[in-house]
Amino acid sequence: MLNRLRSIRLSLRFIAPLTVTLAVLAYALVPLVDNLTLRWWTNDLDMRARLIANTMQDQLADLVGQESWSRINALFNRALQDERLYAVAYCTPAGELAYATSTYPVSLGCSRPLSSEGQTRAAVRLAHGLVHVSQQPVALADGNVGTLTLVHDMSFVERRSADTRYYLILFFVVLGIVISLVTVLIAQMSWRGWVAGMRAMLRGEGIVQPFARVEDPDMQPLVSDLRALLHQVDTARRPRPQEGAWNPEMLRGVLREHFRGDQIVLLSNREPYLHVREETGSIAVRRPASGLVTAMEPIMRACSGTWVAHGSASADRDVVDQNDHVRVPPDHPSYTLRRVWLSREEEDGYYYGFANEGLWPLCHLAHVRPVFRSDDWAQYRAVNQRFADAVCAEARTEDPVVLIQDYHFALAPRLIAEQLPRATVITFWHIPWPNSEAFGICPWRDEILHGMLGSSILGFHTRFHRQNFIDTVDRYLEARIEHETSIVSYRGSITRVEHYPISVQWPSEWAPSQLDVAACRARVLRAEGMRPDMLLGLGVDRMDYTKGILERFGAIERLLEMHPEFIGQFVFVQIASPTRSSLDEYRHFEQRVRALAERVNGRFGKPGYAPIHLKTTHHVPEQINEYYRAADVCVVTSLHDGMNLVAKEFVAARDDDHGVLVLSQFTGAARELHDALLVNPYHTEQCAEALHRALTMPPDEQRVRMHSMRRLVAEFNIYWWAGAMLLDAARVRQRQRVSERIDLQRRIAGVA
Ligand code: F6P
């Protein structure tokens, strides 16, 4: 109804000016037509008068010569039989009225002199109406010239003029009505088209379902602008970060408000808690060294739900119920962990093989060659299906929010969407995405892209990696891409590809219970056998070749070469938790790291002093937090990293506003933490210089830099990250619902 009113209003906007224009045109045309008609009839009557005069002239001249008035009368009366001829008169050469029919208006007399051609004609208005007076010369036998005056009645001209005026106005009225009807019809059709087009566009559908107007190339700029505008509006509606504003309660609020508290199911390979059988036989609970787990765990604590992950630890099976569920965190259970068991072959093929020997080096520019094997791919596909089935089995409703994490599950989004088409699937890719050419070497690149595009939202840490992904899709798939809004349509599914820089919990999980910085420092220095006046550098990583640990040690070696005053004064603690150690690449890497640490320690160490303390055992997060608080400088030299949460954890730990962060420019974190000392890890001297600068940085400069980084991490914390993705997902979900309702209405209305 509202739409109809709108379209009528739109039509009126055309009709009103049209009516006015037509009225003005009619007003101007009527006198013009009158004039033309009059002139046309005057000419016609002139001609007739001349004809009559020519016919009568000779006879009249004779009769005048004979002064035969009765025959002149008969002649004139015969002439008057012409229905238009109203009166006839004859004037003598002296200008006296010699004879006239009884109808001749006396007022006309004989006063009109003949023109130079001997004739006069005019339209004259008399009391009874308009007449045409024509005076024609009559050559007499005596050589004089009398005048024959013929008066034609012109009242019919006026009558016809009135008729013409009437028909002209009628014509304009009909024209106006016809144009208006056509306009209204076209406006109605266009409006409906526009509304349908806009609806399709809002649902992101116009780009897949050929809709004539939206597909019209002339419309494309407008469509693009509108989509860009919508994207801007969406982005602007993202939660505005304010210090301390984003917290678990706000996140729960988003779920309540936008998802009616719908269930959250999270899928990752790594589980948040490992139950490990100790040598004593008791079961210990461990938190894995995983940035992914660090980021997602606070979200799950805030939102409850179910976390589906690989049960990989030695005592995992011993603590689950018959549904493979265990409530976690163990001390304050707030969500459910659903464990999925994998056989040795499955784990080898899917996790070690395809994920970590194939995709991991493929996506990280660390110059390690990816290995792709068909058997690994088969396992990867099968395991993705198993996890997708597990997620669907955990879903209590047909439309849960499913959060899929990382490169282990590139196929799961599509597999889940096929089983739960109403689910909102949010996939986050925690590692970099290479350029399209580099990605192209993966033999199953199309299948991977196809799987990922089953997501409603697909997130990367940085704009750059998001763009790389879009370029890859553009290059290898027949997909429609809306570049302004980063929406990809592929085989009926619509995916919004965005960048959401991941972050850490704020305030840090340990903030309420942690010791102050001085106490942490004292404990750590004691544990490391350092004097209180010594400087402490820190690296915290998994023992992974992408982390730039060799480059870091190389920089430390160079620092001690260039600034020997630090020998004996500076210790670098490298916590390198074991990871993927059944892979040759990782084992060799660890050997190289150990060898380099030994070399540096051999060169610069002395009894009671080793510049590098390499700690390759698992450290619990509380311990690591203590190291963060104790360190003078934290060094992150990844060769390539999606984000690197160590950098943000270090910043979050430093509530004293001290400590310096040396950060690789090839991390996602470097795009946000501009107050870190940014380095190129491949440039040994530059890194050594940065280390020197960090170790000698005045406290005031440290405070300014750290304060600024802390503000950023506080504002863009992990709750903000999850909130931004959930709000975007809520919009996608809303559009899906609208789209479903429209499709339903169409089906009811019998529209295909
Ligand atoms: O960086 C990718 C990633 O999956 C992280 O999310 C996580 O910190 C790390 O790798 C853990 O790797 P894994 O689960 O193989 O030990």
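What you see is a predicted model; the values in this text were computed from it and never measured.

Draft legend 1. Looking closely at the sheet that holds strand 20 (residues 612–615). An order of 20-19-18-21-22-23 is seen for the 6 strands of this open sheet, with the pairing classed as parallel. This sheet does not close on itself; its edge strands, each paired only once, are strand 20 and strand 23 (677–679). Averaged over all pairs of adjacent strands, the angle between their axes in this sheet comes to 20°, without regard to strand direction. Helix 18 (residues 621–630) contacts strand 18 (535–542), strand 19 (570–577) and strand 20 of the sheet and is inclined by roughly 145° relative to strand 18.

Draft legend 2. Broad picture of the site of the ligand. Around the ligand lies a shell of 13 residues, among which Gly291, Leu292, Tyr351, Asp406 and Arg580 are the nearest. Between the ligand and Asp406 there is a distance of 2.6 Å, counted from an oxygen atom to a side-chain nitrogen or oxygen. Within the side chain of Arg580, one N or O atom sits 2.9 Å away from an oxygen atom of the ligand. For the ligand, the accessible surface in isolation is 380 Å², of which the surrounding protein chains cover 91%.

Draft legend 3. A look at the packing of helix 9 (residues 344–363) against helix 10 (residues 374–394). Following both chains from N to C, one finds helix 9 and helix 10 inclined at 110°, their axes separated by 8 Å at the closest point. In this view, helix 9 runs roughly perpendicular relative to helix 10, as classed from their interaxial angle. Between helix 9 and helix 10 the crossing geometry is left-handed. Here Glu345, Glu346, Asp348, Gly349, Tyr350, Gly353, Phe354 and Leu359 of helix 9 come into contact with helix 10, specifically with Asp376, Trp377, Gln379, Tyr380, Val383, Asn384, Arg386 and Phe387. Considered class by class, the residues forming the contact of helix 9 with helix 10 number 7 nonpolar, 4 polar and 5 charged.

Draft legend 4. How the structure looks around the pairing of strand 16 (residues 487–490). Burial along strand 16 is two-sided: the face carrying Ile487 and Ser489 and the face carrying Val488 and Tyr490 are both buried. By the bridge criterion, 3 bridges tie strand 15 (residues 480–482) to strand 16 in an arrangement that is antiparallel. For Glu482, the partnering residue across the bridge sits in strand 16 and is Ile487. Adjacent in sequence and paired antiparallel, strand 15 and strand 16 are bridged by 4 residues, among which Ser486 carries a positive phi angle near 60°. Of the strand pairs in this sheet, strand 16 and strand 17 (residues 493–499) are connected by 4 bridges, and their pairing is antiparallel. In the sheet register, Tyr490 faces strand 17, and the bridge partner there is Ser493. Once strand 16 ends, the chain turns through 2 residues before running back antiparallel as strand 17, passing Arg491 with a positive phi of about 45°.

Draft legend 5. Geometry of the packing of aromatic side chains. Under the counting rule described, the total for this entry stands at 29 aromatic pairs. An angle of 50° between the planes, with centres 4.6 Å apart, marks the rings of Phe354 and Tyr380 as tilted. Of the two residues, Phe354 is situated in helix 9 and Tyr380 in helix 10; the sequence distance between them amounts to 26 residues. The pair Phe354 / Tyr380 is uniform in exposure class, with both members buried.

Draft legend 6. A look at the environment of Met562. The residue Met562 is located in helix 16 (residues 549–562) in this model. Sequence separation between Met562 and Glu689 is 127 residues, and the spatial gap between their C-alpha atoms is 8.9 Å. Contacts of Met562, omitting those with residues within four sequence positions, involve Glu685, Ala688 and Glu689.

Draft legend 7. Here's a closer look at the packing of helix 10 against helix 11 (residues 412–419). Closest axis-to-axis distance for the helix 10/helix 11 pair is 9 Å, and the angle between their directions is 40°. Relative to helix 11, the element helix 10 is oriented oblique. As for how helix 10 packs across helix 11, the hand of that crossing is right-handed. Residues Asn384, Gln385, Ala388, Asp389, Val391 and Cys392 of helix 10 pack against Ala412, Leu415, Ile416 and Gln419 of helix 11. Counted by class, the contact of helix 10 with helix 11 contains 6 nonpolar, 3 polar and 1 charged residues.

Draft legend 8. Spatial organisation of the pattern of salt bridges. Following the criterion strictly, the structure yields 45 salt bridges and no others. A salt bridge links Arg339 to Glu271, with the shortest nitrogen-to-oxygen separation between them at 2.6 Å. Placement of Arg339 in strand 11 (residues 335–340) and of Glu271 in the loop between strand 6 (264–267) and strand 7 (274–277) is noted, with a sequence separation of 68 residues between them. The class of Arg339 is buried, set by a relative accessible area of 0%. As a salt-bridge pair, Arg523 and Glu626 come within 3.2 Å of each other at their nearest N and O atoms. Within this pair, whereas Arg523 is found in helix 15 (residues 517–527), its partner Glu626 is found in helix 18, the two being separated by 103 residues in sequence.

Draft legend 9. Representation of the state of the cysteines. Considering all chains together, one arrives at 1 disulfide under this definition. Between the sulfur atoms of Cys91 and its disulfide partner Cys110 the distance amounts to 1.7 Å. A torsion of -75° about the S-S bond marks the disulfide between Cys91 and Cys110 as left-handed. Of the two residues, Cys91 sits in strand 1 (residues 85–91) while Cys110 sits in the loop between strand 2 (97–100) and strand 3 (120–126), which places them 19 residues apart along the sequence. Cys110 matches Cys91 in its accessibility class, with the two residues each being buried. Free cysteine: Cys442, not disulfide-bonded; nearest cysteine sulfur from Cys363 at 8.8 Å.

Reading the values: the criteria
- Residues numbered from 1 in each chain as written.
- Predicted model: local features only at pLDDT ≥ 70, side-chain atom pairs only at ≥ 80, totals over all residues.
- Heavy atoms only, no water.
- Pairing = 2+ DSSP bridges.
- Helix = DSSP H or I, 4+ residues; strand = E, 2+ residues; numbered from the N terminus.
- Axes fitted to C-alpha atoms, helices over the stretch in contact; angles between N-to-C directions.
- Contact = heavy atoms within 4.5 Å.
- Near = heavy atom within 4 Å.
- Polar contact = N/O pair within 3.5 Å; in protein donor to acceptor, adjacent residues only side chain to side chain.
- Areas by Shrake-Rupley, 256 points an atom, 1.4 Å probe, with all protein chains shown as cover.
- Parallel < 35°, antiparallel > 145°, perpendicular 65-115°, else oblique.
- Left-handed = near helix turned anticlockwise from the far one by under 90°.
- Nonpolar A, V, L, I, M, F, W, Y, C, P; charged D, E, K, R; others polar.
- Buried < 20%, exposed > 50% of the residue type's maximum accessible area, 1.4 Å probe, protein only.
- Phe/Tyr/Trp six-rings, centres within 6.5 Å; stacked < 30°, edge-to-face > 60°.
- Salt bridge = Lys/Arg side-chain N within 4 Å of Asp/Glu carboxyl O.
- Disulfide = S-S within 2.5 Å.

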